[in-house]
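If you want the building blocks of each chain, they are given just below.
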Amino acid sequence: MPRLTDIRPPVIPGLLLLAVIVPLLGGCARESPSEKPPIHVVPDMDHQPKYKAQAESDFFADASAMRLPVKGTVPRGYLRADDAFYRGRDETEAYVTANPLPPTAEVLHRGEERFNIYCSPCHGKGGRGDGTVVARGFTQPPDFVSDSLRQMPVGQMFEAVTNGVRNMPSYRHQLRPEDRWAIIAYLRQLQGMTEPGDTLE
Amino acid sequence: MAQIFPPWANRLPVLTLLAAAVLGLSAVSFVWYYFSPWYTDVGYRPTQPVFYSHLLHADSLGIDCRYCHSDVETSPTANIPPVQTCMNCHKIIKADSERLQPVVQSYVTKTPLKWVRVHKLPDFVYFDHSIHLRAGVGCAGCHGRVNEMLVVSQAKPLSMSWCLDCHRHPDDHLRPPDQITNMDWEPAADQVEFAAKQKHELGIEPTVDCSGCHR
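Residues numbered from 1 in each chain as written. Chains lettered and ligands numbered in written order. Predicted model: local features only at pLDDT ≥ 70, side-chain atom pairs only at ≥ 80, totals over all residues. Heavy atoms only, no water.

### Details of the overall build of chain A
Under the convention used in this document: Numbering of helices and strands starts at the N terminus; helices are DSSP runs of H or I of at least 4 residues and strands are runs of E of at least 2. Working definition: with a 1.4 Å probe on protein chains only, accessible area under 20% of the residue-type maximum means buried, over 50% means exposed, and in between means partly exposed.
In terms of helices and strands, chain A carries seven helices and zero strands. The order of helices and strands in chain A, counted from the N terminus, is α-α-α-α-α-α-α. Burial analysis of chain A (201 residues in total) assigns 30% to the buried set.

### Some remarks on the domain arrangement of chain B
Note on interface size: it is often stated as the accessible area lost on association of the parts. Worth spelling out the cut-off: Note that the domain bounds were set by an automatic or database domain assignment.
As assigned here, chain B comprises domain 1 (13-40) and domain 2 (54-80 + 115-213). Computed over C-alpha atoms, the centres of domain 1 of chain B and domain 2 of chain B are 35 Å apart.

### Details of the interface of chain A and chain B
Defined as follows: Note on definitions: a residue-residue contact is assigned when non-hydrogen atoms from the two residues lie within 4.5 Å. For this document, the term salt bridge refers to a Lys or Arg side-chain nitrogen within 4 Å of an Asp or Glu carboxyl oxygen. Any pair of nitrogen or oxygen atoms within 3.5 Å is treated as a polar contact; in protein, a donor-acceptor pairing is required on top of that, and neighbouring residues in sequence qualify only through side-chain atoms on both sides. All residues other than Ala, Val, Leu, Ile, Met, Phe, Trp, Tyr, Cys, Pro, Asp, Glu, Lys and Arg, Gly among them, are scored as polar; the first ten of these are nonpolar and the last four charged.
Chain A puts 52 residues into the contact, and the matching count from chain B is 45 residues. Between E73 of chain B and R114 of chain A there is a salt bridge, and its shortest N-O distance comes to 2.9 Å. Across the chain A-chain B interface, the total number found is 20 residue pairs in polar contact (both at pLDDT 80 or more). Elements with a minimum of two residues in the side of chain A that touches chain B: α1 (11-27), α3 (105-123) and α4 (132-135) of chain A. Its residues assigned to classes, the side of chain A that touches chain B shows 21 nonpolar, 16 polar and 15 charged.

### Quick look at the packing of helix α5 (residues 83-90) of chain B against helix α6 (residues 101-109) of chain B
Residues and elements named next belong to chain B. For clarity, the cut-off: Only the stretch in contact is used when fitting a helix axis, every axis being a line fitted to C-alpha atoms; angles between N-to-C directions are given from 0 to 180 degrees. Reported orientations rely on four angle classes, namely roughly parallel under 35 degrees, roughly antiparallel over 145, roughly perpendicular from 65 to 115, and oblique for the rest. By definition, turning the near helix anticlockwise from the far helix through less than a right angle yields a left-handed crossing, and turning it clockwise yields a right-handed one.
At a minimum axis distance of 10 Å, the contact between α5 and α6 shows a crossing angle of 115°. When the axes of α5 and α6 are compared, the pair comes out roughly perpendicular. With respect to the hand of their crossing, α5 and α6 are arranged in left-handed fashion. On α6, the residues that touch V83, Q84, C86 and M87 of α5 are V103, V104, S106 and Y107. For the contact of α5 with α6, a count of residues per class yields six nonpolar, two polar and no charged.

### Remarks on the packing of α3 of chain A against helix α7 (residues 177-190) of chain A
Residue and element names in this part refer to chain A. Viewed as axis vectors pointing N to C, α3 and α7 meet at an angle of 95°, and their least axial separation amounts to 7 Å. The angle between the axes of α3 and α7 places the two elements in the roughly perpendicular class. Packed against α3, whose contacting residues are V107, L108, R110, G111, E112, R114, F115 and C119, the element α7 presents D179, A182, I183, A185, Y186, L187, Q189 and L190 at the interface. When grouped by side-chain class, the residues that make up the contact of α3 with α7 number ten nonpolar, two polar and four charged.

Laid out in structure tokens, this is it:
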């Protein structure tokens, strides 16, 4: 039987064990990708019985918590009775030829920014129909600097952006009417045209 | 008679105290880090119903974030686009692709696609994307280099202390408003002067009030 005095505390094995465990813990440090949802040790009130935007609902048949307005109803401020501004047409249903937004520096800047976000993937930054998406196989749109598009009334352009034309989809859900007009003002600048009576600030 | 305790037993009280201190410190550090969102949330990368690559769309094709997340500048939410937005291009491009079928199905049957939320804030936090963009906080500041992600994963902890770090010292995180979606933007040498100017011009005073984010 070993005497108590022969026993030594396991200093060296203990250190070795630590040397193994610490790097192992370090191995599962942050930014290690995981498909498992985060576990919060103290969940507080992280999850409350309420709907957030674009949430799922088990109440409605289509599982969407967000609902469309009731058919035939108009939200306040959305009557859109101004046909020239919201449809690009005048009282005689003809396309308007003057942009309801005056081409101020602010409008042109907004138009350029929106054009580069929403139009340039197909139409190209210079409007020549050479966007990156066209290079991947989308039907090539016409050149904005061509004569036929220079002669197109702004109202018709507005209608194209709003409702789509041929292969081009409608952009009414991505662009507000005032942004569509700003883009058209910028387009006129790309085309090297100024409209009658317009003054650049 | 032999001694009951060997000589090293004299060191036991000191060793015990030392071990207790080390263990205590380890336990605190362990909880501090492994229970924090730096560990629990960063790197969350759920499998989505569609294998959508930001690397292809945002980087190779150079499509702006706002083409799809179109409400981010005017809404608290950076909206997940409706499948209608996908179909803008995919009516023509790769319309028959196997990977695209969930999108096509959703579009045809008018049932929402069930994307898995990656960036989750607690329900008692009222974060607003639009005001952050207006102040000149870029997408990449909170979401990382999404343009390099094949599958979106959470890049930052989105914890309260992390939010407050920026709210207390926003200077390094501000950029010109026309650079918010630029993933390659780096602060210039005159960032301090630029930030001071932008804060003055846009009236940026990040709140550190409880009610700024909690109601």
